[in-house]
Amino acid sequence: MLSITMPKAVWMLLLVLIINITFLLLYFKEMKLTTFDPVYAASIGIPVVFLYDGFVATISFTTIAAFDSVGAILVGPAATSYLISKTIKQMFIYSMLFGASASVIGYSLAKLWDTPIAGMMATTVGVFFVVTLVSQKIFECRRKSLVPKLEVLLCGSIV
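Residues numbered from 1 in each chain as written. Predicted model: local features only at pLDDT ≥ 70, side-chain atom pairs only at ≥ 80, totals over all residues. Heavy atoms only, no water.

(A) Seen up close, the overall build of the chain. Within the chain, the secondary structure is distributed over six helices and zero strands. Listed N to C, the secondary structure of the chain is α-α-α-α-α-α in terms of helices and strands. Scored against the burial criterion, the 159 residues of the chain give a buried share of 21%. For the chain, the computed accessible surface area is about 11,800 Å², with 75% contributed by carbon and sulfur atoms. (Helix = DSSP H or I, 4+ residues; strand = E, 2+ residues; numbered from the N terminus. Buried < 20%, exposed > 50% of the residue type's maximum accessible area, 1.4 Å probe, protein only. Areas by Shrake-Rupley, 256 points an atom, 1.4 Å probe, with all protein chains shown as cover.)

Laid out in structure tokens, this is it:
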């Protein structure tokens, strides 16, 4: 018989996922309304405070469960994407890409080098952040140094 052992964090995250999905399936329309127009939601009888407290509770459960399993990966992808994003949509997309990449790369390296998974994922997020920060600064310096050269080319000599 094949037995599969799963870490405690997987079961905890699965429980939190079920709670989050249930909350969203039950109250998605109401949450959307209370998020964008709480006064109108209250005026038509939607329990705004209850939904707010439920939303905060699900965020708290998710944060605690995620921090227990992967630690610093919570903040790193968002901070990294903030460095290169121009819009909130780009920030969400880059955050997901950085988070997923750090998870896969961190897990693979942890298994390869027999190190703790959460620590390797956090290290991978840190490396992504530093590489992105340094790259951003290099591009910024190059762009600033090109502006005077472009002005000379386009406008003639600088007076």
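(B) Up close: the side chain of Thr58. Relative to the helices and strands, Thr58 resides in helix α3 (residues 48-70). Filtering out sequence-adjacent residues up to four positions away, Thr58 remains in contact with Ile19, Asn20 and Phe23. (Contact = heavy atoms within 4.5 Å.)

(C) Up close: the environment of Gly76. With respect to the helices and strands, Gly76 occurs in helix α4 (residues 76-84). Between the C-alpha atom of Gly76 and that of Phe128, which follows or precedes it by 52 residues, the distance is 8.4 Å.

(D) Just the packing of α4 against helix α5 (residues 88-113), in detail. Running from N to C, α4 and α5 cross one another at 130°; their axes reach a closest spacing of 8 Å. The orientation of α4 relative to α5 falls into the category oblique. Between α4 and α5 the crossing geometry is right-handed. Seen from α4, the contacting residues are Pro77, Ala78, Thr80, Ser81, Tyr82 and Ile84; seen from α5, they are Gln90, Met91, Tyr94, Ser95, Phe98 and Gly99. When the residues that make up the contact of α4 with α5 are grouped by side-chain class, the tally is seven nonpolar, five polar and no charged. (Axes fitted to C-alpha atoms, helices over the stretch in contact; angles between N-to-C directions. Parallel < 35°, antiparallel > 145°, perpendicular 65-115°, else oblique. Left-handed = near helix turned anticlockwise from the far one by under 90°. Nonpolar A, V, L, I, M, F, W, Y, C, P; charged D, E, K, R; others polar.)

(E) Just a nonpolar patch on the surface, in detail. A surface patch of nonpolar side chains, amounting to about 620 Å² of accessible area, comprises Trp11, Leu14, Leu17, Ile18, Ile21 and Leu25. If you trace the backbone, Trp11 turns up in helix α1 (residues 8-36). Under the relative-accessibility criterion, Trp11 is labelled exposed at 52%. (Patch = residues over 30% accessible without salt bridge, like charges linked within 9 Å, V, L, I, M, F, W, Y side chains within 5 Å. Salt bridge = Lys/Arg side-chain N within 4 Å of Asp/Glu carboxyl O.)

(F) View of the packing of aromatic side chains. Applying the stated rule across the entire model yields three aromatic pairs. Measuring from ring centre to ring centre gives 5.8 Å for Tyr27 and Phe50, while their planes differ by 75°; the resulting arrangement is edge-to-face. Of this pair, Tyr27 sits in helix α1 while Phe50 sits in helix α3, and the two are 23 residues apart along the sequence. Taking the centre distance of 6.0 Å and the plane angle of 50° together, the rings of Phe98 and Phe128 count as tilted. Here Phe128 lies in helix α6 (residues 117-155) and Phe98 lies in helix α5, a separation of 30 residues in the sequence. By relative accessible area, Phe98 is classed as buried at 17%. Taken together, the ring pairs in this structure connect Phe23, Tyr27 and Phe50 into an aromatic cluster. (Phe/Tyr/Trp six-rings, centres within 6.5 Å; stacked < 30°, edge-to-face > 60°.)

(G) Structural view of the nonpolar core. Among the nonpolar cores identified, the biggest contains five residues, and these are Phe23, Met31, Ala41, Ile46 and Leu51. Setting aside residues no more than four positions away along its own chain, Ile46 makes contact with Glu30, Leu33, Thr34, Ala41 and Leu51. (Core = buried A, V, L, I, M, F, W, Y, C linked by side-chain atoms within 4.5 Å.)

(H) Spatial organisation of α4. Every buried residue of α4 is accounted for by Gly76, Pro77, Thr80 and Ser81. What you see down the axis of α4 is that its buried residues fit within an arc of 120°, all on one side. (Arc of directions from axis to C-beta.)

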